[in-house]
Amino acid sequence: MKSTKKPSVLVCVTGQYDCDRLINVGYEKAERMDYDLHVLCVHTPISNVSFLSDEIEYLYQTAKTLGADMTIAFNHDAPHTTADFARKINAKAVITGMPCNRENGFVDTVHDLLPKTQITMVTKQGECLIHSLQCVVKATA
């Protein structure tokens with residue numbers, strides 16, 4: 001018999017202090033839906049991670065306080081790494097920041113790879129927007 005993992009919310013963060021707002025939004029969604037909460041940081045491979053350590057430690061502690069685990073992956077392909085991880089943890093929702101430049105395509109690519117997974121983008125002001133390939137709509141709570 002095939003076992004299924006409990007559904008989860010995946011929060012995608014970068015090594016920035018203000019990504020704590022994403023973890024908090026993910027926590028609220030996970031609590032509301034009774035899902036597990038996971039935090040993922042995908043960073044390009046580097047030889048010296050010490051310049052990220054304070055920010056990553058802060059985000060780790062934020063995640064830990066809210067009952068989430070945090071995974072750091074070093075890879076040049078953030079969208080595929082994110083999609084693979086989302087599948088592994090049975091993510092039904094992905095929370096990301098709002099890209100300043102839509103040209104990078106991270107959210108679009110993740111949506112292509114996970115078309116049945118809801119993607120919520122959170123602005124710097126904390127406004128939540130639901131992403132679809134056709135449009136972005138304001139979330140209602």
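Residues numbered from 1 in each chain as written. Predicted model: local features only at pLDDT ≥ 70, side-chain atom pairs only at ≥ 80, totals over all residues. Heavy atoms only, no water.

## Remarks on the pattern of salt bridges
Once the charged atoms of two side chains with opposite charge are near each other, the side chains can pair.
Turning to step 1, where the next piece is worked out: Scanning all chains against the criterion turns up five salt bridges.
Turning to step 2, where the next piece is worked out: Where Arg21 meets Asp18, a salt bridge forms, and the shortest distance between an N and an O atom there is 3.9 Å.
Turning to step 3, where the next piece is worked out: The partly exposed category is assigned to Asp18, whose relative accessible area is 28%.
Turning to step 4, where the next piece is worked out: Between Lys124 and Asp18 there is a salt bridge; the shortest N-O distance is 2.6 Å. Placement of the pair is Lys124 in the loop between β5 (118-122) and β6 (128-131) and Asp18 in the loop between β1 (8-13) and α1 (20-33), with a sequence separation of 106 residues. (Salt bridge = Lys/Arg side-chain N within 4 Å of Asp/Glu carboxyl O. Buried < 20%, exposed > 50% of the residue type's maximum accessible area, 1.4 Å probe, protein only. Helix = DSSP H or I, 4+ residues; strand = E, 2+ residues; numbered from the N terminus.)

## As for the side chain of Thr123
Turning to step 1, where the next piece is worked out: If you trace the backbone, Thr123 turns up in the loop between β5 and β6.
Turning to step 2, where the next piece is worked out: Once residues lying within four places of it in the same chain are set aside, the contact partners of Thr123 are Arg21, Met98 and Leu129. (Contact = heavy atoms within 4.5 Å.)

## Side note on the side chain of Lys29
Turning to step 1, where the next piece is worked out: Following the sequence through the fold, Lys29 ends up in helix α1.
Turning to step 2, where the next piece is worked out: Buried within the structure, Lys29 lacks any salt-bridge partner; Glu28 is the closest side chain of opposite charge, at an N-O distance of 10 Å.
Turning to step 3, where the next piece is worked out: Those residues in contact with Lys29 that sit more than four places away from it in its chain are Val9, Ala93, Ile95 and Gln118. (Lys, Arg positive; Asp, Glu negative; His and termini not counted.)

## A word on the nonpolar core
Nonpolar side chains in soluble globular proteins tend to be buried together.
Turning to step 1, where the next piece is worked out: The biggest cluster of nonpolar side chains holds 20 residues, and the ones touching the most others in it are Val9, Val11, Val13, Leu22, Val39, Met70 and Ile95.
Turning to step 2, where the next piece is worked out: Counting only elements with at least two residues in this core, the list comes to β1, α1, β2 (36-43), α2 (53-65) and β4 (91-97).
Turning to step 3, where the next piece is worked out: Considering each element in turn, this core owes the most residues, four residues, to α1.
Turning to step 4, where the next piece is worked out: Once residues lying within four places of it in the same chain are set aside, the contact partners of Val39 are Leu10, Val11, Val13, Ile23, Ala63, Ala68, Asp69, Met70 and Thr71.
Turning to step 5, where the next piece is worked out: One finds Leu10, Cys12, Ala73 and Leu114 within the second-largest nonpolar core, a separate group that totals 17 residues. (Core = buried A, V, L, I, M, F, W, Y, C linked by side-chain atoms within 4.5 Å.)

## Some points on the packing of helix α3 (residues 78-88) against helix α4 (residues 106-113)
For any two helices packed against each other, the geometry comes down to the angle between their axes and how far apart the axes lie.
Turning to step 1, where the next piece is worked out: One way to put it is that α3 packs onto α4 with a least axis distance of 9 Å and a crossing angle of 40 degrees. On the basis of their axis angle, the class for α3 and α4 is oblique. Note that α3 runs across α4; the crossing there is right-handed. Contacts from Ala78, Pro79, His80, Thr82, Ala83 and Arg87 in α3 reach Phe106, Thr109, Val110 and Leu113 in α4.
Turning to step 2, where the next piece is worked out: Its residues placed into classes, the contact of α3 with α4 shows six nonpolar, three polar and one charged. (Axes fitted to C-alpha atoms, helices over the stretch in contact; angles between N-to-C directions. Parallel < 35°, antiparallel > 145°, perpendicular 65-115°, else oblique. Left-handed = near helix turned anticlockwise from the far one by under 90°. Nonpolar A, V, L, I, M, F, W, Y, C, P; charged D, E, K, R; others polar.)

## Section: the pairing of β6
Turning to step 1, where the next piece is worked out: A one-sided burial pattern is seen for β6, the buried positions being Leu129 and His131 and the unburied ones Cys128 and Ile130.
Turning to step 2, where the next piece is worked out: Of the strand pairs in this sheet, β5 and β6 are connected by four bridges, and their pairing is antiparallel. Bridged to Ile119 within β6 is His131.
Turning to step 3, where the next piece is worked out: Taking the residues that link successive antiparallel strands as the turn, the β5-β6 hairpin has five residues, and the phi of Gly126 there is positive, at about 90 degrees. (Pairing = 2+ DSSP bridges.)

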